[in-house]
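Secondary and tertiary structure notes
Next come the chains, spelled out residue by residue.
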Amino acid sequence: MKNLKVIVISFGLISAITLMSFNMRKDSKSKTINIKEIDKSLVKIKDKLYAGKFEVSNKLYREFLHDLMIKNKKELYLQVLVDSLNWRDKTAYNEPFVELYFRHPAYSNYPLVNVSYESAIKYCDWLTDTYNSSPNKKFKKVKFRLPTEPEWEFAAKGGLENCEYAWGNRLLLDNKINCNFRYVGDENLEIDTITNKIVVDYTNNTGIAGTLNDNADITAPVDSYKPNKYGLYNMCGNISEMIQVKGISKGGGWKSPGGDVKIKSKAKYNKSAVDVGFRYFMEIIEE
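Here the structure is a predicted model, which means the values were calculated and not measured. (Residues numbered from 1 in each chain as written. Predicted model: local features only at pLDDT ≥ 70, side-chain atom pairs only at ≥ 80, totals over all residues. Heavy atoms only, no water.)

Quick word on the sheet that holds strand E12 (residues 281–286)
In space, the four strands of this open sheet follow the order E1-E2-E12-E3, with antiparallel pairing throughout. This sheet does not close on itself; its edge strands, each paired only once, are strand E1 (42–46) and strand E3 (141–145). Ignoring strand direction, the axes of neighbouring strands in this sheet form an average angle of 35°. As defined by bridge partners, strand E2 (residues 49–52) adjoins E12 across three bridges and the pair is classed as antiparallel. Note on E12: the bridge partner recorded for alanine 51 is phenylalanine 281. Across the sheet, helix H7 (residues 149–157) lies against E1, E2, E3 and E12, angled at about 110° from E1, the strand it touches most. (Pairing = 2+ DSSP bridges. Helix = DSSP H or I, 4+ residues; strand = E, 2+ residues; numbered from the N terminus. Axes fitted to C-alpha atoms, helices over the stretch in contact; angles between N-to-C directions. Contact = heavy atoms within 4.5 Å.)

Quick look at the environment of proline 221
With respect to the helices and strands, proline 221 occurs in the loop between strand E7 (197–200) and strand E8 (240–242). With 17 residues separating them in the primary sequence, proline 221 and asparagine 238 have C-alpha atoms 8.6 Å apart. When neighbours within four sequence positions are excluded, proline 221 is seen to be in contact with Asn109, Tyr110, Asn234 and Asn238.

Focus: unusual backbone geometry
The phi angle at asparagine 114 is positive, at roughly 65°, despite the residue not being glycine. Mapped onto the fold, asparagine 114 is located in the loop between helix H5 (95–100) and helix H6 (117–132). Using a relative accessible area of 2% as the deciding quantity, one classes asparagine 114 as buried. If you check the backbone angles, asparagine 238 has positive phi at about 75° while not being a glycine. Counting through the fold element by element, asparagine 238 comes out in the loop between E7 and E8. (Buried < 20%, exposed > 50% of the residue type's maximum accessible area, 1.4 Å probe, protein only.)

Comments concerning the side chain of asparagine 228
One can find asparagine 228 in the loop between E7 and E8. Beyond its immediate sequence surroundings of up to four residues, asparagine 228 is in contact with Ala155, Ala156, Lys157, Gly158, Ala166 and Met235.

A closer look at the pairing of E2
In E2, alternate side chains face the same way, and those of Leu49 and Ala51 on one face and Tyr50 and Gly52 on the other are all buried. Relative to E2, E1 runs antiparallel, the two being bridged by four bridges. The partner of leucine 42 across the bridge, within E2, is glycine 52. The hairpin formed by E1 and E2 contains two residues between the paired strands, and lysine 48 there has a positive phi angle of roughly 65°.

Some words on the packing of helix H3 (residues 58–70) against H6
With their axes 11 Å apart at the nearest point, H3 and H6 run at an angle of 75° to one another. Classified by the angle their axes make, H3 and H6 are roughly perpendicular. For the pair H3 and H6, the contacting residues are Leu60, Tyr61, Glu63, Phe64 and Asp67 in the first and Ser119, Lys122, Tyr123 and Trp126 in the second. When grouped by side-chain class, the residues that make up the contact of H3 with H6 number five nonpolar, one polar and three charged. (Parallel < 35°, antiparallel > 145°, perpendicular 65-115°, else oblique. Nonpolar A, V, L, I, M, F, W, Y, C, P; charged D, E, K, R; others polar.)

Okay, structure coming up:
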């Protein structure tokens, strides 16, 4: 643990929190990525273009960081660390997530958040190199990357025409919630008698992912809810997904109201955040 202490002193609290998430022994190779599982995670949406079924999970990103560590790529490793301090919120008790959300096994299958656009690009580059150098790959040469906005919207529709959400045109179907978003019911709406405007009270908005009247307190596992017709999960809601244009994310997330988790919805971000992550797309260069 001597090396860990040196890095903590040199690089501060954010690095310390993230570095403590891992077994720092360089001789450990127990968390290498499974290329066959990556192939299974992909769905063809267009000729030579595939999309990941799921948002990139904490587990997948930990494998990325672990690989950088055992290959002694310290500079890159420190550039792509997760900023877990984003979970600190004066209006909510999120302190356990600072320490546990990214590193604890219980959250392995939850979507990665709190990473920068540059880190998402570097992850895709690493996955590209790792895949192309593997003897177990399905395709000869590929490129993993963030999608363009039209590609993302095409994938989100799942073959449906003129749909607002990944499952159709209505937020609720059969009175059931279809994604993880900030639910606003009539019981949360109040009239400000001074301004005569409708205001929203979110204090009753707690619950469990997938229940009738509510969603997750924060994110939900990447395989939650039903997939769209292409087999893609959580294209609307859960986390807002980065695209190739820096600072723009699509589909809304767990903090977004129902009107902001539509396929056409887009949001701006200027740094890593607790409700922004990404999904990899794969382009076939050579079959």
